[in-house]
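Spelled out, the chains give:
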Amino acid sequence: MMTDETKSPGAASTASPGPTPDPAPSHREHPHRGVRVSGLDGEEGPKAFYIHIEALPGKENQVIRMLEDILGCVQEEPATGPWYAVRYSQTTFGIFEVFPDLAGRQAHVEGGGGDIFRDVERMNALLAYPAHVHRLDVLMSKEVFTRR
């Protein structure tokens, strides 16, 4: 059973949603390298990325514009499947994106979205610390939304 801690009296969490970023926000270093990657490529099969993004205070709208730029790039990538940009809090964002295989994920890395993350100057101007890219294996999925 899932509980909604936001409705429980006195329940407050300071932990960021999603995989814990590393380094923690209290250990900020500027300039930083722009992006950090963890996880393995794994066996062949469906793949995904979860990217944890922490905006510098006051740079949230520029991060949203960056996410829009990345979406513009992935629209033309045939091997990029479901793609979501999400916001967890005022400064915490994430991207979840799925690929049919290792080759599709690698093509995405080499494309325009990857170019945006390789722009270290832009990343340092917008992000509190490097975006943390988690390589993931997709175990199961529901491919479409049910229409009502």
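Residues numbered from 1 in each chain as written. Predicted model: local features only at pLDDT ≥ 70, side-chain atom pairs only at ≥ 80, totals over all residues. Heavy atoms only, no water.

So, the confidence of the model for the protein chain
- With 77% of its residues at a pLDDT of 70 or more, the protein chain has an overall mean of 84.
- Of the regions scoring below 50 in pLDDT, residues 1–14 engages in two contacts with residues more than four places distant in sequence or in other chains. (pLDDT = per-residue confidence, 0-100. Contact = heavy atoms within 4.5 Å.)

Observations regarding the side chain of histidine 134
- Note on placement: histidine 134 falls in strand S5 (residues 131–137).
- On the basis of relative accessible area, histidine 134 is assigned to the buried category, the value being 11%.
- A polar side-chain atom of histidine 134 sits 3.4 Å from a polar atom in the side chain of serine 38. (Helix = DSSP H or I, 4+ residues; strand = E, 2+ residues; numbered from the N terminus. Buried < 20%, exposed > 50% of the residue type's maximum accessible area, 1.4 Å probe, protein only. Polar contact = N/O pair within 3.5 Å; in protein donor to acceptor, adjacent residues only side chain to side chain.)

Observations regarding the side chain of glutamate 77
- Topologically, glutamate 77 is positioned in the loop between helix H1 (60–74) and strand S3 (83–87).
- We note that glutamate 77 is buried and unpaired, the nearest opposite charge coming from arginine 118 at a distance of 8.7 Å.
- At 2.4 Å, the side chain of glutamate 77 and the side chain of threonine 80 are in polar contact.
- Not counting residues within four places of it along the chain, the set of residues in contact with glutamate 77 comprises His108, Gly111 and Gly112. (Lys, Arg positive; Asp, Glu negative; His and termini not counted. Salt bridge = Lys/Arg side-chain N within 4 Å of Asp/Glu carboxyl O.)

Comments concerning the pairing of strand S4 (residues 92–99)
- Of all eight residues in S4, seven are buried; the element is thus mostly enclosed.
- Here strand S2 (residues 47–54) pairs with S4 via eight bridges, running antiparallel. Residue pairing for S4: tyrosine 50 is matched across the bridge by phenylalanine 96.
- Alignment of S3 against S4, held across five bridges, turns out to be antiparallel. Within S4, the residue paired with valine 86 across the bridge is glycine 94. (Pairing = 2+ DSSP bridges.)

Focus: the packing of aromatic side chains
- In this structure the tally under the stated criterion is one aromatic pair.
- Aromatic side chains phenylalanine 49 and phenylalanine 99 sit 5.6 Å apart centroid to centroid with 75° between the ring planes, which places their arrangement in the edge-to-face category. Pair noted here: phenylalanine 49 is in strand S2 and phenylalanine 99 is in strand S4, with a separation of 50 residues, a long-range link.
- Note on phenylalanine 99: relative accessible area 1%, which makes it buried. (Phe/Tyr/Trp six-rings, centres within 6.5 Å; stacked < 30°, edge-to-face > 60°.)

Some words on the sheet that holds S3
- Strand order in this open sheet of five strands is S1-S5-S2-S4-S3, and the pairing throughout is mixed. This sheet does not close on itself; its edge strands, each paired only once, are strand S1 (35–38) and S3. Within the sheet, the average angular offset between the axes of one strand and its neighbour, ignoring direction, is 15°.
- H1 contacts S2, S3 and S4 of the sheet and is inclined by roughly 175° relative to S3.
- Most of the contacts of helix H2 (residues 102–109) go to S2, to which it runs at about 35°, and overall it touches S2, S4 and S5. (Axes fitted to C-alpha atoms, helices over the stretch in contact; angles between N-to-C directions.)

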